Each structure stands twice: as structure tokens, then as C-alpha cells.
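# An overview of the molecular structure
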Amino acid sequence: KKNAPLLCSLSLISSLFCKMGNAQSQEGGENNGGGGQGQSSQLHISPRDSLEDKMESLVIVPDVIVTREELMRYTGGGTNHSQEKRIYLCCKDIVYDVTAAKDFYGPEGPYANFAGRDASRALALMSLKIEDVENTDLSDLDDEQLSVLNDWERKFKSKYKIVGRYQA
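The shown structure was predicted, so the numbers you read here are calculated from the model rather than taken from an experiment. (Residues numbered from 1 in each chain as written. Predicted model: local features only at pLDDT ≥ 70, side-chain atom pairs only at ≥ 80, totals over all residues. Heavy atoms only, no water.)

## Notes on the state of the cysteines
- One pass over the structure, following the stated rule, counts zero disulfides.
- You can see Cys91 has no disulfide; the closest cysteine sulfur is in Cys90, sitting 7.1 Å from it.
- Taking relative accessible area as the criterion, Cys91 reaches 0% and is therefore assigned buried. (Disulfide = S-S within 2.5 Å. Buried < 20%, exposed > 50% of the residue type's maximum accessible area, 1.4 Å probe, protein only.)

## Remarks on the nonpolar core
- By size, the foremost hydrophobic cluster in this structure holds 22 residues, and its most contacted members are Cys91, Tyr96, Val98, Tyr105, Phe114, Leu123 and Phe156.
- For this core, the element with the most residues is helix α7 (residues 143-159), which contributes four residues.
- Contacts of Tyr96, omitting those with residues within four sequence positions, involve Ile87, Tyr88, Leu89, Cys91, Glu153, Phe156, Lys157, Tyr160, Lys161, Ile162 and Val163. (Core = buried A, V, L, I, M, F, W, Y, C linked by side-chain atoms within 4.5 Å. Helix = DSSP H or I, 4+ residues; strand = E, 2+ residues; numbered from the N terminus. Contact = heavy atoms within 4.5 Å.)

## Some thoughts on the packing of aromatic side chains
- What the rule picks out here adds up to nine aromatic pairs.
- A ring pair is formed by Tyr74 and Tyr88, whose centres lie 4.1 Å apart and whose planes are at 10°; its orientation type is stacked. Within this pair, whereas Tyr74 is found in the loop between α3 (68-71) and β2 (88-91), its partner Tyr88 is found in strand β2, the two being separated by 14 residues in sequence. In terms of burial, Tyr74 and Tyr88 fall into one category: buried.
- Judged by centre distance (5.8 Å) and plane angle (40°), the ring pair of Phe156 and Tyr160 falls under tilted.
- For Phe156, a relative accessible area of 0% gives the class buried.
- By way of ring pairs, the aromatic residues Tyr96, Phe104, Tyr105, Tyr111, Phe114, Trp152, Phe156 and Tyr160 are connected into one cluster. (Phe/Tyr/Trp six-rings, centres within 6.5 Å; stacked < 30°, edge-to-face > 60°.)

And the structure:
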């Protein structure tokens, strides 16, 4: 009986995803024959996705835009008024507060280059090189590199608070 509300909630969420999947297939699937134009921002879920995958995609991102200039202030340095003691980094256009892991992302940490930056490319390449952190182009990444980036995204979503969306 203690788990009844949880099971009820999971059942409700599951039925919601089934309805969304049915609505998608009635609309003609993900491609809609439109070549990418006019696609809605609806959540597209394949019937083969697990409930965990579906839940993962429901992460709520605050309606906050973080610009490049703002992001660069959050490196954990905090030595003057233009810098913050908090540490933010961006992965796939989402900004995370990684201050809790300052031993990794702080000024003396092994991933200090990622602090205050869009680290997506460097994460995908598993690179600590500053040139990979400064280059934000993901268009030339292969499937394996994109998979690595998706793994990092899942890690950040599960461990850190989302601050907002990144806008270069």
C-alpha cells in the first residue's frame, strides 16, 4: 500500500507517453515528410524507448538564458566583483551548476578548463585541450563522439542543478 501512489504516478506517466507516441504516429512519425521544416517542438518518443529514457527527457529547464559573457563569470575564481565563486559549465546548450564538484571543475581541478564555458565539444572528444573547449562546433563529430557527449549530458542531468539554457 505504501507504493500505491508511486505506482499510480508511474502508470499515469506511462499512459501519457503512450498517448504521445500514438499522436506522433498519427501525425506521420518524426520526419513528417517536411525535411525538417515546420517541425513542432513536441517530445518525440519511440515506442522502443524505456520508461527511464522517457522520464530522462522530461528534465525541466528553467526559463533562464545564460549568455557566453555571463557563463564566463562562473569559474569558481571569485577573486573580484566580476567573478563568482560558483562554477557553471555548459553541455549541449544546457548550463549546469557544478559547484558541488569544485575539486574537479574549480580553478585547481583537472577539468578547470570547462568552468565558465560550453564544454560540449571537449566532452565529446574526451579532451582537456583548451582549443577543444574554445571550439563549440559539433557538426564534425561522429556517432561515437556524440554518444560520449550524450553520456556526459545524462551524468550532468542526474547530478547537478540546471541553471538555464545557453545562448552564445
